[in-house]
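Working through the structure, step by step
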Amino acid sequence: MKVTTLKQLGAFIRDQRRQRKWTQKQLADASGTLQSWLSGVEKGKGNPEFGKLMAVLRALDVTLDLHRQSAGPKPVPRPNASPAQLDRASTVRRTASGGLDSSRRDAPSPASGGIARGSAQAPSVQSLRARFQKSGKK
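Residues numbered from 1 in each chain as written. Predicted model: local features only at pLDDT ≥ 70, side-chain atom pairs only at ≥ 80, totals over all residues. Heavy atoms only, no water.

Right, let's talk about the overall build of the protein for a bit. Scanning the protein for helices and strands turns up six helices and zero strands. Element order for the protein, N to C, with α for helix and β for strand: α-α-α-α-α-α. Buried residues in the protein amount to 22% of all 138 residues. Long-range pairs, those at least 24 residues apart, make up 39% of the contacts in the protein with a sequence separation of at least 6. (Helix = DSSP H or I, 4+ residues; strand = E, 2+ residues; numbered from the N terminus. Buried < 20%, exposed > 50% of the residue type's maximum accessible area, 1.4 Å probe, protein only. Contact = heavy atoms within 4.5 Å.)

Judged by side-chain polarity, Phe50, Leu64 and Leu66 come together as a nonpolar surface patch covering roughly 360 Å² of accessible area. Looking at the element boundaries, Leu64 is found in the loop between helix H4 (50-59) and helix H5 (83-90). (Patch = residues over 30% accessible without salt bridge, like charges linked within 9 Å, V, L, I, M, F, W, Y side chains within 5 Å. Areas by Shrake-Rupley, 256 points an atom, 1.4 Å probe, with all protein chains shown as cover. Salt bridge = Lys/Arg side-chain N within 4 Å of Asp/Glu carboxyl O.)

Moving on, we come to the nonpolar core. Within the largest apolar cluster, 13 residues are counted, with the highest numbers of intra-cluster contacts made by Ile13, Leu27, Trp37, Leu38, Leu53, Val56 and Leu60. Not counting residues within four places of it along the chain, the set of residues in contact with Leu27 comprises Ile13, Arg17, Trp22, Leu38, Val56, Ala59 and Leu60. (Core = buried A, V, L, I, M, F, W, Y, C linked by side-chain atoms within 4.5 Å.)

Once that is clear, we can look at helix H3 (residues 35-42). Counting buried positions over the eight residues of H3 gives six, a clear majority of the element. Elements that come into contact with the buried residues of H3 comprise helix H1 (6-19), helix H2 (24-31) and H4. Of the residues trailing H3, Gly44 is marked for its positive phi of about 75°.

Our focus in this paragraph is the pattern of salt bridges. Oppositely charged side chains can pair when the atoms bearing their charge come close. Here the structure, examined in full by the defined rule, presents two salt bridges. Where Arg17 meets Glu42, a salt bridge forms, and the shortest distance between an N and an O atom there is 2.7 Å. Residue Arg17 is located in helix H1, and its partner Glu42 is located in helix H3; the two are separated by 25 residues in the primary sequence. When its relative accessible area of 7% is taken as the criterion, Arg17 is described as buried.

Packing of H1 against H4 leaves a shortest axis separation of 10 Å and a crossing angle of 30°. The pairing of H1 with H4 is recorded here as roughly parallel in orientation. Pair H1 / H4 crosses with left-handed handedness. Only Leu53, Val56 and Leu57 of H4 make contact with H1, whose side of the interface consists of Leu9, Phe12 and Ile13. Within the contact of H1 with H4, the residues separate by chemical class into six nonpolar, no polar and no charged. (Axes fitted to C-alpha atoms, helices over the stretch in contact; angles between N-to-C directions. Parallel < 35°, antiparallel > 145°, perpendicular 65-115°, else oblique. Left-handed = near helix turned anticlockwise from the far one by under 90°. Nonpolar A, V, L, I, M, F, W, Y, C, P; charged D, E, K, R; others polar.)

Turning next to H1. For H1, which comprises 14 residues, the first-to-last C-alpha distance of 20 Å matches the rise-based estimate of 20 Å (1.5 Å per residue) to within 8%. Those residues of H1 hidden inside the fold are in contact with H2, H3 and H4. Lys21, located one to two residues past H1, shows a positive phi value of around 60°. (Expected span 1.5 Å × (residues − 1).)

To continue, consider the side chain of Ser31. Structurally, Ser31 is set in helix H2. Residue classification places Ser31 among the buried residues on the basis of a relative accessible area of 12%. Dropping the residues within four chain positions of it, Ser31 is found in contact with Ala55, Val56 and Ala59.

Following this line, the structure appears as structure tokens:
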């Protein structure tokens with residue numbers, strides 16, 4: 001059975017429970033959950049805790065077999081991003097050494113009022129550490 005929604009998972013759990021002729025109370029006791037919680041799961045309601053779902057599946061002697069649906073990764077949706085923000089995000093690149101590429105066109109400059117790393121406005125880690133140690137706090 002292919003399960004892609006909580007409602008389908010709840011129906012699957014209900015079907016497995018009924019095949020064993022168990023009540024919700026019996027399955028709840030066997031899995032260490034509450035009957036009221038299990039009822040909600042079987043109806044596909046709420047957002048059940050994964051650990052509890054796994055306990056229910058163990059009690060039913062059911063294992064999960066996870067497979068990818070497609071060969072390639074899907075892009076991560078950014079629900080509130082404007083086209084300009086998406087364009088800026090796509091310009092972020094990593095250098096061969098693993099750092100961010102300093103040629104990003106949207107990087108703030110000291111002249112524009114933004115705080116750039118290493119500028120006089122942005123304190124270095126060493127200066128912050130020195131201030132902290134001078135204050136007597138460890």
